[in-house]
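Notes for the structure review
Chain by chain, the residues:
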Amino acid sequence: MNSSTSLKMRLPALVLVFEVVMLILFALFVTYDDNANARLQNNETNPMENSLYRDYPYFADVQVMIFVGFGCLLAFFRFYGFSGMVFNFLTATFAIQWAIVIQGFFQFYYDGKIHLGVINLLNAEFACAVVLISFGAVIGKTSPVQLLVMALLEIPIFSVTEWAVLKYIRITDSGGSILIHLFACYFGLGVTFVLYRPSLKKGHSNEITSYQSDILSVMGTLFLWVFWPSFNSALTLKGDDQHRAVLHTFIGLSSSTITAFALSAVFNKKGKLTMADIQNVTLAGGVTVGASVDMMISPVAAYALGIMGCTACYFGYRYLTPFLAQRLRIQDQCGIHNLHGLTGLISSTAGICAILLATEETYGPSMYQIFTHRAPPVGDPKLLELQKLIPGLKPGLGRTAQEQALYQVAAIFATIAASAVGGLLTGMVLKLRFMASPSDKDCFDDELFFDVPSDFDRGHQALISYDEKLKMSSMDTKVASKNLSE
Amino acid sequence: MNSSTSLKMRLPALVLVFEVVMLILFALFVTYDDNANARLQNNETNPMENSLYRDYPYFADVQVMIFVGFGCLLAFFRFYGFSGMVFNFLTATFAIQWAIVIQGFFQFYYDGKIHLGVINLLNAEFACAVVLISFGAVIGKTSPVQLLVMALLEIPIFSVTEWAVLKYIRITDSGGSILIHLFACYFGLGVTFVLYRPSLKKGHSNEITSYQSDILSVMGTLFLWVFWPSFNSALTLKGDDQHRAVLHTFIGLSSSTITAFALSAVFNKKGKLTMADIQNVTLAGGVTVGASVDMMISPVAAYALGIMGCTACYFGYRYLTPFLAQRLRIQDQCGIHNLHGLTGLISSTAGICAILLATEETYGPSMYQIFTHRAPPVGDPKLLELQKLIPGLKPGLGRTAQEQALYQVAAIFATIAASAVGGLLTGMVLKLRFMASPSDKDCFDDELFFDVPSDFDRGHQALISYDEKLKMSSMDTKVASKNLSE
Amino acid sequence: MNSSTSLKMRLPALVLVFEVVMLILFALFVTYDDNANARLQNNETNPMENSLYRDYPYFADVQVMIFVGFGCLLAFFRFYGFSGMVFNFLTATFAIQWAIVIQGFFQFYYDGKIHLGVINLLNAEFACAVVLISFGAVIGKTSPVQLLVMALLEIPIFSVTEWAVLKYIRITDSGGSILIHLFACYFGLGVTFVLYRPSLKKGHSNEITSYQSDILSVMGTLFLWVFWPSFNSALTLKGDDQHRAVLHTFIGLSSSTITAFALSAVFNKKGKLTMADIQNVTLAGGVTVGASVDMMISPVAAYALGIMGCTACYFGYRYLTPFLAQRLRIQDQCGIHNLHGLTGLISSTAGICAILLATEETYGPSMYQIFTHRAPPVGDPKLLELQKLIPGLKPGLGRTAQEQALYQVAAIFATIAASAVGGLLTGMVLKLRFMASPSDKDCFDDELFFDVPSDFDRGHQALISYDEKLKMSSMDTKVASKNLSE
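Residues numbered from 1 in each chain as written. Chains lettered and ligands numbered in written order. Predicted model: local features only at pLDDT ≥ 70, side-chain atom pairs only at ≥ 80, totals over all residues. Heavy atoms only, no water.

Per an unreviewed UniProt entry, the recorded name for chain A is Ammonium transporter AmtB-like domain-containing protein, and the organism is Eleginops maclovinus. Per UniProt, the comment on chain A under Function (unreviewed entry) is "Functions as an ammonia transporter. May play a role in the elimination of ammonia in the gill." (UniProt positions renumbered as here; feature names shortened; annotations may be inferred.)

So, the overall build of chain A
Scanning chain A for helices and strands turns up 17 helices and 3 strands. Its C-alpha atoms give chain A a radius of gyration of 25 Å, within 12% of the compact-globule value 23 Å for 486 residues. Oriented by its inertia axes, the alpha-carbon framework of chain A measures out at about 115 × 55 × 40 Å. In chain A, which comprises 486 residues, the share counted as buried stands at 65%. Residue pairs at least 24 apart in sequence account for 78% of intrachain contacts in chain A once pairs closer than 6 positions are excluded. Summing over all exposed atoms, chain A offers an accessible surface of approximately 16100 Å²; the carbon and sulfur share of this is 63%. Of the charged side chains in chain A, 33 are positive and 36 negative; the average position of the first set lies 9 Å away from that of the second. (Helix = DSSP H or I, 4+ residues; strand = E, 2+ residues; numbered from the N terminus. Rg over C-alpha atoms; globule rule 2.2 N^0.38 Å. Buried < 20%, exposed > 50% of the residue type's maximum accessible area, 1.4 Å probe, protein only. Contact = heavy atoms within 4.5 Å. Areas by Shrake-Rupley, 256 points an atom, 1.4 Å probe, with all protein chains shown as cover. Lys, Arg positive; Asp, Glu negative; His and termini not counted. Charge placed at Lys NZ, Arg CZ, Asp CG, Glu CD.)

What to know about the packing of aromatic side chains
Summed over all chains, the structure comprises 108 aromatic pairs over all chains. Here the aromatic rings of W163 of chain A and Y168 of chain A are separated by 5.7 Å at their centres, their planes lie at 90°, and the arrangement is edge-to-face. Judged by its relative accessible area of 55%, Y168 of chain A is exposed. Aromatic pair Y363 of chain C and F371 of chain C: ring centres 5.3 Å apart, planes at 75°, arrangement edge-to-face. Taken together through their ring pairs, the aromatic side chains of Y56, F59, F67 and F89 of chain A together with Y58, W225, F250 and F261 of chain C make up a single cluster. (Phe/Tyr/Trp six-rings, centres within 6.5 Å; stacked < 30°, edge-to-face > 60°.)

So, unusual backbone geometry
The backbone phi angle of R170 of chain A is positive, close to 55°, even though this residue is not glycine. Along the chain, R170 of chain A turns up in the loop between α5 (144-169) and α6 (177-194). One non-glycine residue, R329 of chain C, lies in the positive phi region at around 60°. Positionally, R329 of chain C belongs in the loop between α11 (299-327) and α12 (336-357). Take R329 of chain C: its relative accessible area is 40%, and that puts it in the partly exposed class.

Quick look at a nonpolar patch on the surface
Residues and elements named next belong to chain C. A cluster of nonpolar side chains, namely F105, F106, Y109, V160, W163 and Y168, defines an oily patch on the protein surface of about 540 Å² accessible area. Mapped by element, the contributors of at least two residues to the nonpolar patch are α3 (81-107) and α5 (144-169). Take the nonpolar patch: its biggest share by element is 3 residues, from α5. Following the sequence through the fold, W163 ends up in helix α5. Relative accessible area serves as the criterion here: at 31%, W163 is assigned to the partly exposed category. (Patch = residues over 30% accessible without salt bridge, like charges linked within 9 Å, V, L, I, M, F, W, Y side chains within 5 Å. Salt bridge = Lys/Arg side-chain N within 4 Å of Asp/Glu carboxyl O.)

Notes on the sheet that holds strand β2 (residues 109-110) of chain C
Sheet strands pair by backbone hydrogen bonding; their relative direction is either parallel or antiparallel. Residues and elements named next belong to chain C. The strand order across the open sheet built from 3 strands is β1-β3-β2, with neighbouring strands paired in mixed fashion. For this open sheet the edge positions go to β1 (30-32) and β2, each flanked by a neighbour on one side alone. Note that β2 and strand β3 (residues 113-116) share 2 bridges and pair antiparallel. Paired with Y109 across the bridge in β3 is I114. Lying over the sheet, helix α1 (residues 10-29) contacts β1, β2 and β3, oriented at roughly 50° with respect to β1. (Pairing = 2+ DSSP bridges. Axes fitted to C-alpha atoms, helices over the stretch in contact; angles between N-to-C directions.)

Details of the pattern of salt bridges
Should the charged atoms of two oppositely charged side chains come close, the side chains can pair. All names here are of chain A. Under the defined criterion, the tally for this structure stands at 19 salt bridges over all chains. Among the salt bridges present, the one from D440 reaches R197, with a minimum N-O distance of 2.5 Å. One end of the pair, D440, is in the loop between α16 (401-430) and α17 (458-485); the other, R197, is in the loop between α6 and α7 (211-233), and 243 residues separate them in sequence. Each of the salt bridges in this network shares a partner with another, and the network as a whole consists of D240, D241 and R244.

Description of the relation of the copies chain B and chain A
Mapping one chain copy onto the other needs a rotation about an axis and a shift along that axis. Superposing chain B onto chain A requires a rotation of 120° together with a translation of 0.0 Å along the rotation axis, leaving an RMSD of 0.0 Å. Between the two chains, the operation in question is that of a three-fold axis. Different-surface contact between copies: only 11% of interface residues of chain B are shared with the interface of chain A. (Least-squares fit on C-alpha atoms with pLDDT ≥ 70 in both.)

As for the pairing of strand β3 (residues 113-116) of chain B
All names here are of chain B. Two strands pair when backbone bridges link them, and strand β1 (residues 30-32) and β3 are joined in this way by 3 bridges, in the parallel orientation. Across the sheet, the residue bridging to Y32 is L116, located in β3. Linking two consecutive strands that pair antiparallel, namely strand β2 (residues 109-110) and β3, is a turn of 2 residues; a positive phi of about 55° is found at D111 within it.

Description of the packing of α12 of chain C against helix α16 (residues 401-430) of chain C
Residue and element names in this part refer to chain C. Orientation of α12 relative to α16, taken along the N-to-C sense of each, is 165°, at an axis distance of 8 Å. By the criterion of interaxial angle, the relationship of α12 to α16 is roughly antiparallel. Handedness of the α12/α16 crossing: right-handed. Here L345, S348, I352, I355 and L356 of α12 lie close against α16, whose contacting residues are A401, Q402, Q404, A405, Q408, V409, I412 and I416. Its residues assigned to classes, the contact of α12 with α16 comprises 9 nonpolar, 4 polar and no charged. (Parallel < 35°, antiparallel > 145°, perpendicular 65-115°, else oblique. Left-handed = near helix turned anticlockwise from the far one by under 90°. Nonpolar A, V, L, I, M, F, W, Y, C, P; charged D, E, K, R; others polar.)

Overview of the packing of α1 of chain C against α5 of chain C
Residues and elements named next belong to chain C. Direction vectors running N to C along α1 and α5 enclose 25°, while the axes themselves pass 10 Å from each other. Considered as vectors, α1 and α5 are oriented roughly parallel to each other. Once α1 is placed against α5, the crossing between them reads as left-handed. Contact with α1, carried on its side by R10, L11, L14, V15 and F18, involves V145, L148, V149 and L152 of α5 and no other residues of that element. Split by residue class, the contact of α1 with α5 holds 8 nonpolar, no polar and 1 charged.

Section: empty space enclosed by the protein
A probe matching the size of a water molecule, rolled over the atoms, marks out where space remains unfilled. Tallying each qualifying case throughout the model produces 8 cavities of 30 Å³ or more. Of the voids in this model, the second largest cavity is the one considered here, and its volume is about 1000 Å³. When contributions to the lining of the second largest cavity are tallied by element, the ones reaching two or more residues are α2 (51-73) and α7 of chain A, α2 (51-73) and α7 (211-233) of chain B together with α2 (51-73) and α7 (211-233) of chain C. (1 Å grid on protein atoms, 1.4 Å probe; cavity = no way out; pocket = protein on both sides within 12 Å on 5 of 7 lines; lining within 4 Å. Points joined across faces, edges and corners; volume = space filled by probe spheres on them.)

Re the interface of chain C and chain B
Taken together, the contacts link 83 residues of chain C with 82 residues of chain B. A combined buried area of about 6700 Å² lies between chain C and chain B, and 70% of that area is made up of carbon and sulfur atoms. Together, Y32, Y56 and F89 of chain C form the three largest contributors to the area buried by chain C at its contact with chain B, with a combined 11%. In this assembly, chain C and chain B are joined by 1 salt bridge. The salt bridge involving R78 of chain B is made with D455 of chain C; its shortest N-O contact spans 4.0 Å. Summed over the shared surface of chain C and chain B, the number is 27 residue pairs in polar contact (both at pLDDT 80 or more). (Buried area = accessible area lost by both parts, 1.4 Å probe. Polar contact = N/O pair within 3.5 Å; in protein donor to acceptor, adjacent residues only side chain to side chain.)

A closer look at the environment of Q146 of chain B
Residue and element names in this part refer to chain B. When you line up the elements, Q146 lands in helix α5 (residues 144-169). What makes Q146 buried here is its relative accessible area of 1%. For Q146 and K431, which are 285 residues apart along the polypeptide, the C-alpha to C-alpha distance reads 8.6 Å. Excluding residues within four positions of it along the chain, Q146 makes contact with K141, L430, M435, S437 and P438.

Section: the interface of chain B and chain A
Taken together, the contact between chain B and chain A spans 83 residues of the former and 83 residues of the latter. Carbon and sulfur atoms make up 70% of the area that chain B and chain A hide from each other, which totals about 6700 Å². On the chain B side of the interface with chain A, the three residues burying the most area are Y32, Y56 and F89 of chain B, jointly 11% of the side's total. Along the contact surface separating chain B from chain A lie 27 residue pairs in polar contact (both at pLDDT 80 or more). At the level of elements, α1 (10-29), β1, α2, α3 (81-107), α4 (118-138), α7 and α17 (458-485) of chain B are the ones that each hand at least two residues to the side of chain B that touches chain A. When residues in the side of chain B that touches chain A are grouped by element, the largest group, 12 residues, is from α3 of chain B. Residue composition of the side of chain B that touches chain A, by class: 50 nonpolar, 20 polar and 13 charged.

What follows is the structure in structure tokens.
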């Protein structure tokens, strides 16, 4: 055990300081949302008016995804199950708290206070998902201290980017393909680029799975799969938009899943299935439908997107991840560039196509509700006309489809740039001395940060000790024989 | 490894053809449900009007049952955990897609299009449950190619049967005891009858569990148990009917569970509990209350049904399954005939009793909402009277309770006949050469279709190699001794 | 195997008698809630009027907590995973049924019948949680017969206490800190005090975890964590109260979780994390916010309560549990006194402070809805005034804040006294001869009550047999050598 990786002082000190800061910020700035405030006597129980009744079911589903789904999925290493599952728990909890405050200042701040409701928690869980995706790039090679510091830096960088893109570039991205998946991916790649470990270029002997860890990881996949429609539809417009988001996500995941099985078998030397494909590639469709998830793309398009995303993701794992690791010094542990980067790019492109193809003929006047920035601006007579059809329609910017598409492109590049730079800077911070970074040898090993039970790696040790004892035993025999022969 | 079981070409080819067909069918026939269509500007968020808000919570629960619940439950073999969980994932995804289209033509087709909403997905999950139950009969002895072909054939046969029974025989079966459980059971038995393997008559050495696989399987049971009330109530009338369905299912499962523990202990030689009973027999109550789940049977009847179903199921496992295997060449791997067949028959019988006992005194005029076929036909003056009490009551067929009961009986026989014949025919198709069917020796073995991690069956191998090495070591000794003695 | 622990007759007899009693009670007394009764033709689907639509989503979440969450959490022992998970399943099912009837008589009884709806099931699950918490004190040292008898006695004692406290002392306790957590804790301690086993004073060699059991137990923790907001908010007033309950629970759990990690690291000799802390101490915040969960305590107070509860819980595990076991003969197996007792006391104290600090300025007139007993009594002119602001406000007792606080104190002492005495008496019953209590040696061992698979404890046996064989082998060698030397 290396004293430089002891958590004895580092982790508690970090948590303590963080908690003091949080207590101060909460005390000064956090109050209740109107529908959580007794004083206003709303007692609002209409699901569309009170975010508790509107958003809590989706929030609960996303909770399962974040804590159980990610937790199990990341426990896929044989000797790193505790760490995968438990660091996910720690990092997620930490990131959500931090996001409540940071996003609060950007999105829910008025009258000098952050107004807290279930909707903030839901947004914070999305920010947390960003951190957990990035975590996938560096899992096994980072200490919990590094993970918390990463969350500490990534949440504000994400929140600023999100705020700037939504406020100034003004894009449509219901499933979060750009702001969640692309951001998380390139941030993670930036971090892992800086944390490059040359000695692990040919892998680490601990980078294997076990029978149980593979099963656990598939369980994580299943929980993510099952609730992904809730994830993609949680923040859409209510009504038919949310309905389409659920349908598209389900269809995309379905076609993606069977494609993953087919690809796994066809490219395996013995024609067998590979668990890593089933754990990861099956989920590609959920990301790929993201950017256009609430648009009228038609069900067949969602089906096709699932197949395309899955295929890109599969070949990414096969060819791109090794290439990045060998040539570009980017060790992407879980292959987040395949599951979130490539699919995010396909999704964003599909979103742009959907925007370019959107017409009033297909959407009716509610086109201006979905593509809010295409609604006519204040003063435009068309706005009044539309408001007769859709009472309460908000004025927009009067953008054409082409203009909106260009803004989407701008948002993609801006997000990738911000996240990559943010990731590189964060990586540099994580390299600082007191971060308890594990040595190359100790990577992917639960024993470094956990008191492990006595059967940890017992099989391994048993075999070793068996061989050693056997050697000794036959040595005894030889000695005995030798003695006898004398 | 046998080249005839390689998935390299077979699985991808099947998936590819299927996906092309699906893309064509989706492109030609699948469009959005009215409440998922932006153009109609409904923006409907009333839970009773938009199937997203009405059905999605139940859909999400059923998703967990299908993917996590079944997945874990079917992973109960020691060397077949990957296959149990992952083939369930593959088969379920495949079956749901296919059911969306096939059921779509029967149930959601008008104006030349299948109209897609969450309600279709929910129906498709029920069709998928049918396939997964049948899967239970042949688990361990089938390749994924066979499973997909089974789904490919079972879904249409099921959909036709469902449509014909509901349209022509017109029955009441909210919990799906007849159309889901009986159909799935006899279809599965038909398939496994054809796939009979004489050499496995005395079992296979791999047909054992491990400590971890038993625990995993109980987790599956728990997920099924917890969400079964959602399963049974998802498609009932809303309001008090759905409420009763939840209550009855919960009560039936409860009494069934404690009965299963009692039976497990009393018939065990050493007075201990058997995990297989806890994994399966506890769930019998959920099926048994099915056919009468939304009727006014009174809570005590649900309690009694749980006990009866559980008892039948338990003795089925004990006596009937061995009998079927030995005498009738029906190797029912998971004992679906006990958990779905016997209980389904009891449930159907109970449903018939409930129909015979239903009176206006108990149900009030809403009897004609629950037993729709008993409502007076168009033109009957009683219809107008009733419509004053229940606005919007649909005209029925004016059947008496006895008539309806006879139709239920007819439906039971028709369903069993259709499913058994369908299963036999499907079994014959599955016996065709290129289906990658595992050899008898390779049954119940993950290694056949998966790249397995190095600790797969390590214990087993370690013991073998230990014994072998020990033998060698003592041989060395003997040789040494022999040499010395010379 | 000890015939005195055979379940062959005892368990089935107990279940049989119980089922007969239940059938009689159900037949005589249990009917449907108005909104589950077809005859009344309500067809009510408004979520606030029909407990199906209002409470079922929360009920489903609590179901997952009870069956999957507790089940996995209690499976933390290496050789007691079957028992932990399966006895939890049995006990929970049994307790819920029993609570439906017993609580039914106290809370849902009128016109000579218990009226059954989803709200009763939800209440029964809470009563069941009480039993499962108490179970934590005696896990590993009790037979399933003892557990069922404990449930049989604890449910009525709890229901009477709950009814008396709510009816006569009239307290505010939405999260159940007093009535659920304190009651369950001191009842469990009472039982375990009587069941004291001197020979286990220094622990049992089976009281260890395995790598897989630790992971399973963390999964249980995660399911409890994720759905705890539903647990704490299920029975609050709807509208802003329920909203706050969700927010406070989430915040309290969050701050509790990161505190648990910090404490775990700082007090570990090697600066590592301890899985037991992560499995238990992280959850302390959920209990600590309980008593004031729906009050206007401000988000920062929830954050602080999470930290305080977690700290108390951690030091409880470290110092108090050993002390109780060594000095007071209280062997609290899972440390429920830390996770439910200490936190419950802190929570109750915080609740009292919140009551003392509640003013109309903060709450507006809805203060009298939350603190119902502070509403003016019938005839008070202030009542009429308030009823203009809040139509339907019920008259109260006109208590002042101080009075209400004193009643809360009284309720705390009354609950602790009732539960401790009830626990002691129950413990005495459990000591009776025919309860199949395991011998000291057989504690914490699945093999006592289960048919275990062949790999149960294989590693252990393998090592033993290896050593033995090795000994024999070298003995052979020695014999051989000896023979030779002759």
